[in-house]
Every structure is written in structure tokens, then in C-alpha cells.
Amino acid sequence: MRPGTAEAVERAADLLLAGKLVAFPTETVYGLGGDATNDAAMAAIFAAKDRPRFNPLIVHVCDVAAAEAIARFDDRAQLAARLFWPGPLTLVLTRRPDSGVSLLVSAGLDALAVRVPAHPLAQQLLYCARRPIAAPSANRSGRVSPTTAQHVGADLGDGVAMILDGGPCHVGVESTVLDLTSARPALLRPGGVALEDLERVLGRVDVAAAPDRHAPRSPGQLSSHYAPALPVRLDATSARAGEALLAFGAETLPGFAEMLNLSPRGDLAEAAANLFAMLRRLDRLEFSGIAVMPIPEEGLGRAINDRLRRAAAPRDTRR
Ligand code: TXA
Ligand code: MG
């Protein structure tokens, strides 16, 4: 684990170009990066995460020009990129035949997921490496995403050549995944950019591809995901024996063995930033489970509720 100095970033870029894996901070969550043009590095990412091969990876690039070199941009994609990049939005676009990106990245799909992250360390690393970098969240498959370098160390430890430490992630939930390969834009995963903000500029977004309706178009839509070890109970209005409470807002509930508040002032951005770290902190065997108070289904609340529903989903479908 290394603080994100200029030297550490240069070293990290060298490691990436040599085919090694580097964990780095983005504004959403920490990513496990590898050179997206290197098949062996891509295989190493799937192995380190124990991730199913059919679940494709997001390619990170430093700017729109670098994104246009690997995927086709129509007017909608250009508009979305101009307004939301760098930032927590991933666009699913048609791959350019000459992209140079490993086929393992997109798990055989013709579409490529691309994002320009805003975190200064991620930006520096991408400029230094001058390569598209594939990076899933830096957790073992099925676990809660890491929002600090310490979370990455605890989850992946030896599996990575370097962990660049940039402190806690500001957004705290993963990027919004928007599919622009069909006539109507489709939301594949709610995330750090609110659906309302996308619809304001792109018009209606199809949300029917909501999780678990059918075989997932975006395999991150599989039900149980982001799961702590303890059972998670949503929309709690009272305590059950031995439970810990994940609260939201000024009015909390009595009778819990422990309580953490996502945002005492009821702010959804603050709640998103705290979500994964607080789930990790409450995930202790001395409790019988984690109860979560209701969160409004608007703005970043959609992403928060999506992750909480997965955390609470039956575990037999877990990946
Ligand atoms: O915020 C984020 O997006 C973080 C940071 C590190 O950038 N990354 C992240 O990656 O969350 P990951 O691998 O945990 O989630 C990627 C999501 C999955 O739901 C995956 O199925 C979807 O993006 N995805 C990737 N490529 C796709 C494609 N070609 N078509 C449809 N969905 C795709
Ligand atoms: Mg993930």
C-alpha cells in the first residue's frame, strides 16, 4: 500500500504496462486495474477477484478522445460524455474493431463499457499509462465494494502488485451504467449519476432492464451481490434481538445492539459515501443481522437501495 505520490503513480503505471495488477482509487470505489490490451492481465483480474468470466469489465480512459479511440460515439454518447465526464458514469457503446482491447474484457459481447473517472490519482495514472485500463471494483466477487485502500488490502491483499492509497472515495457507490447501443438509452445499473440527471439531458431512459427480470444484460445485475456475511433486513421500523442498525435521517430507532447513521441530516450523497464502509463496520458476528431504515428511492437513493436489495437478496444466487 502506497500513498499516491507522483513517484508511486509512475511506478503503478510501469507495473500496469508490465502486465501487473494495480488497485487505485476512483471517485466511486477502488478499482483493480490491468492493461485492457493485455489478455494475460485480464485473465489475472478475473482470477484475483474469483469473478465469473461472463461478467464484463469497465475500461477506464483519461479523456473523451481516448474513449473515442476504442468505442463508437453517437450524438447521445457525445452529449453524455461532455456533461458527465470525468465522473461516475459508464457508457456501454459499440466497440471499434481496431480498439486493441482484449476480448476477455467484454466477455465476448460486441459492446464495451467505458468510463473517464474524475479522481485525480486515477486521472494521473491513466495519463501516465497511456493505455485503456480495465478495472472492476477491487473486491472479491460478490463482496461489498472497497471505498478505502484498507478495504482493498483486506479483500485482495497479495493478489495485487500495488495498492495506491488516495483516502476514502467521495461518491461511495459505483458508476451508473448506461447502455447506448440501442434506440432508447437503458439503465443497466443505478449509480453515482442520478437517473433524473441523465433523463434531463437524454430524454427517457429505459429502466425496464431492472435487476433480475431476466438473464442479465449486465451481469452486475445478478441478485445477491455486494453482500456482507450477516443477513440484511430492509425497511426496518423496529428492532429485533441482537441486530445492528444502519440508520438514515434524524429520527432513528431504539433497541438495537449497535447503530451507525448513513446521514443524520438525511443527505443521500453523504449516505452513499458512507454506505459500504458502514456495512463493513457492522458486519460482525456478535450481531444477529443488519437492519436498515428506509431510504428514499430518488437521486442517489436508487443506487443505495439497489446495493442494499442485493445485500439482502437470498444468498443461493450469489456470485
Ligand atoms: O464505479 C465503477 O464503475 C467501478 C470503478 C472501479 O470504476 N467499477 C465497477 O466495476 O464497479 P465492476 O466490474 O464491479 O462493475 C461493472 C459493471 C457490471 O455490472 C458489468 O456487468 C457491467 O458494468 N458491464 C461491463 N461491461 C459491460 C458491457 N459490455 N455490457 C453491459 N454491461 C457491462
Ligand atoms: Mg463490482
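Each chain has its residues counted from 1, following the order in which its sequence is written. By the order in which they are written, chains take letters starting at A while ligands take numbers starting at 1. Totals for whole chains, interfaces and linings use all residues, but because this is a predicted model, local features are given only for residues with pLDDT of at least 70 and pairs of side-chain atoms are given and counted only at 80 or more. Side-chain metrics rest on all non-hydrogen atoms present in the structure, leaving aside hydrogens and water.

1. A few points about the packing of aromatic side chains
Basically, it comes down to this: In this analysis, rings of Phe, Tyr and Trp, with Trp reduced to its six-membered ring, are considered paired at centre separations within 6.5 Å, and the interplanar angle assigns stacked below 30 degrees, edge-to-face beyond 60, and tilted for intermediate values. Helix numbering and strand numbering both begin at the N terminus, where a helix is a DSSP run of H or I of at least 4 residues and a strand a DSSP run of E of at least 2. The classification of residues rests on relative accessible area computed with a 1.4 Å probe and restricted to protein chains. Under 20% of the type maximum is buried, over 50% is exposed, and intermediate values are partly exposed.
Under the defined criterion, the tally for this structure stands at 1 aromatic pair. Judged by centre distance (6.1 Å) and plane angle (70 degrees), the rings of F73 and W85 are edge-to-face. One end of the pair, F73, is in the loop between α3 (64-68) and α4 (75-84); the other, W85, is in the loop between α4 and β5 (89-94), and 12 residues separate them in sequence. Judged on exposure class, the residue F73 and its partner W85 are both buried.

2. A short note on the site of ligand 1
Quick reminder of the rule: Whether a residue is near a molecule or strand is decided by its heavy atoms; if any one of them lies within 4 Å of it, the residue is near. N or O atoms closer than or at 3.5 Å make up a polar contact, with two conditions inside protein: a donor-capable atom paired with an acceptor-capable one, and, for residues adjacent in sequence, both atoms drawn from side chains. Charged residues are taken to be Asp, Glu, Lys and Arg, nonpolar residues to be Ala, Val, Leu, Ile, Met, Phe, Trp, Tyr, Cys and Pro, and polar residues to be all remaining types, Gly included.
With respect to spatial proximity, 26 residues lie near ligand 1, and among them T28, R51, N55, H60 and S175 are the closest. Side-chain polar atom of N55 to an oxygen atom of ligand 1: 2.9 Å apart, as the coordinates give it. Among the elements that line the shell around ligand 1, the one with the most residues is strand β6 (residues 111-115), at 3 residues. Across the shell around ligand 1, the residue classes break down as 13 nonpolar, 8 polar and 5 charged.

3. Examining unusual backbone geometry
In this structure, P86 follows W85 across a cis peptide bond, with omega equal to -10 degrees. By secondary structure assignment, the location of P86 is in the loop between α4 and β5. The residue A107 is not glycine, and still its phi comes out positive at about 50 degrees. In this fold, A107 is placed in the loop between β5 and β6. If you check the backbone angles, D235 has positive phi at about 50 degrees while not being a glycine. For D235, the location among the structural elements is in the loop between β11 (232-233) and β12 (243-247). Note on D235: relative accessible area 53%, which makes it exposed.

4. Some details on the confidence of the model for the protein
The criterion, for reference: The pLDDT value expresses, per residue, how confident the predictor is, ranging between 0 and 100. Contact between two residues is taken to exist if any of their heavy atoms lie within 4.5 Å; hydrogens are not considered.
With 93% of its residues at a pLDDT of 70 or more, the protein shows a mean pLDDT of 93. Predicted confidence is poor over residues 212-217, with pLDDT under 50, and the contacts of this stretch with residues over four places away or in other chains come to 11 contacts.

5. Describing the nonpolar core
Put simply, the test is: Within this scheme, the nonpolar core is defined by two criteria: the residues are buried Ala, Val, Leu, Ile, Met, Phe, Trp, Tyr or Cys, and they are joined through side-chain atoms within 4.5 Å.
Counting residues in each nonpolar core, the largest one holds 46 residues, and the members touching the most others are F73, W85, L89, L91 and V105. With 5 residues, helix α2 (residues 39-49) is the largest single contributor of residues to this core. Leaving out residues up to four positions away in the same chain, W85 has contacts with V64, A67, F73, A80, L91, V114, R115 and V116. V144, L282, I290 and A303 belong to the second-largest nonpolar core, a separate cluster that totals 29 residues.

6. Thoughts on the pattern of salt bridges
When the charged atoms of two side chains lie near each other, side chains of opposite charge can form a pair. Put simply, the rule is: By salt bridge we mean one thing: a side-chain nitrogen of Lys or Arg within 4 Å of a carboxyl oxygen of Asp or Glu.
Evaluation of the coordinates by the stated rule reveals 13 salt bridges. The closest approach of N and O atoms between R115 and E27, which form a salt bridge, is 3.0 Å. Separated by 88 residues along the polypeptide, R115 in strand β6 and E27 in the loop between β2 (22-25) and β3 (30-35) bring together distant segments of the chain. Of the two residues examined, R115 and E27, each falls in the buried class. The partner of R131 in a salt bridge is D35, with the nearest N and O atoms 2.7 Å apart. Separated by 96 residues along the polypeptide, R131 in the loop between α5 (120-129) and β7 (133-134) and D35 in strand β3 bring together distant segments of the chain. Taking relative accessible area as the criterion, R131 reaches 33% and is therefore assigned partly exposed. Judged by relative accessible area, D35 falls into the buried class, the value being 2%. Here the residues in one salt-bridge network are E174, D306, R307 and R310, joined through shared partners.

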